[in-house]
Amino acid sequence: MLVISILLSIFFFFQPQKMTQKRFDDVPLLHIKDFTMYELDPAGVKTLMLGSEAFRYNDRYTVDNIDHTDKSKKHISNLRADFGVYKDNKLDLDGNVTLVRDDGLSYKTQEAFYYKDKALFVTDTDYVLSQGKNTLHGTYLDHNNLTGKIHSKNINATYHIKEAK
């Protein structure tokens, strides 16, 4: 009886664990470090993207220290951020986001979206827009680089105007 009791306790304490299989649907297909990616068209370089580390998934790229230059629209725009997700011609940027255009217009914020096809820069967090000595602070920004239209909320602007002689 003692032997049976010991055998049963061994069976219950050392019972094989049930194994479950996990399915990994969202696995990176590619991992690259310190890279430069060029998007070309017949006129030359259309887009340039640099980063310190990136993962390519089925539907997106995730990029650390993203530096994205878009030369496909009226103005050349350079976007930088600590982290970015590139999916369906949309950049989702997070952390120390800056946009600088070739005409001197620049934005600084912490989170933003850039819709590449529409050349639309959107942030719903505090931002600073500057061009030369002029600055604008706000809490929401929607800027279309094609039309030049800007929508903003809660703005505080400082403009330097030259007096006419």
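Residues numbered from 1 in each chain as written. Predicted model: local features only at pLDDT ≥ 70, side-chain atom pairs only at ≥ 80, totals over all residues. Heavy atoms only, no water.

Chemist: Help me understand the pairing of strand 8 (residues 127-131) in this model?
Modeler: Looking along a regular strand, one sees side chains alternate from face to face of the sheet. When strand 6 (residues 106-115) meets strand 8, the two strands line up antiparallel, connected through 4 bridges. Along strand 8, the bridge assignment pairs Thr 109 with Tyr 127. Bridging between strand 8 and strand 9 (residues 134-138) involves 5 bridges; their strand directions are antiparallel. Residue pairing for strand 9: Gln 131 is matched across the bridge by Asn 134. (Pairing = 2+ DSSP bridges. Helix = DSSP H or I, 4+ residues; strand = E, 2+ residues; numbered from the N terminus.)

Chemist: How do you make sense of the packing of aromatic side chains when you look at a structure like this?
Modeler: Here the distance between the centres and the angle between the planes together describe a pair of aromatic rings. Applying the stated criterion across every chain, the model contains 2 aromatic pairs. Judged by centre distance (5.0 Å) and plane angle (15°), the ring pair of Tyr 107 and Phe 121 falls under stacked. Of this pair, Tyr 107 sits in strand 6 while Phe 121 sits in strand 7 (residues 120-123), placing them 14 residues apart in sequence. We classify Phe 121 as buried; its relative accessible area is 1%. When the centroid spacing of 6.4 Å and the interplanar angle of 35° are considered together, the rings of Phe 113 and Tyr 115 count as tilted. Residue class for Phe 113 comes out partly exposed when judged on its relative accessible area of 27%. Across the ring face of Tyr 115, the terminal group of Lys 118 is positioned such that the distance to the ring centre comes to 5.7 Å. Over the aromatic face of Tyr 140 sits the side chain of Lys 153, whose NZ or CZ is 5.2 Å from the ring centroid. (Phe/Tyr/Trp six-rings, centres within 6.5 Å; stacked < 30°, edge-to-face > 60°. Buried < 20%, exposed > 50% of the residue type's maximum accessible area, 1.4 Å probe, protein only. Lys NZ or Arg CZ within 6 Å of the ring centre and 35° of its normal.)

Interpretation note: all reported values are geometric properties and have no functional meaning in isolation.
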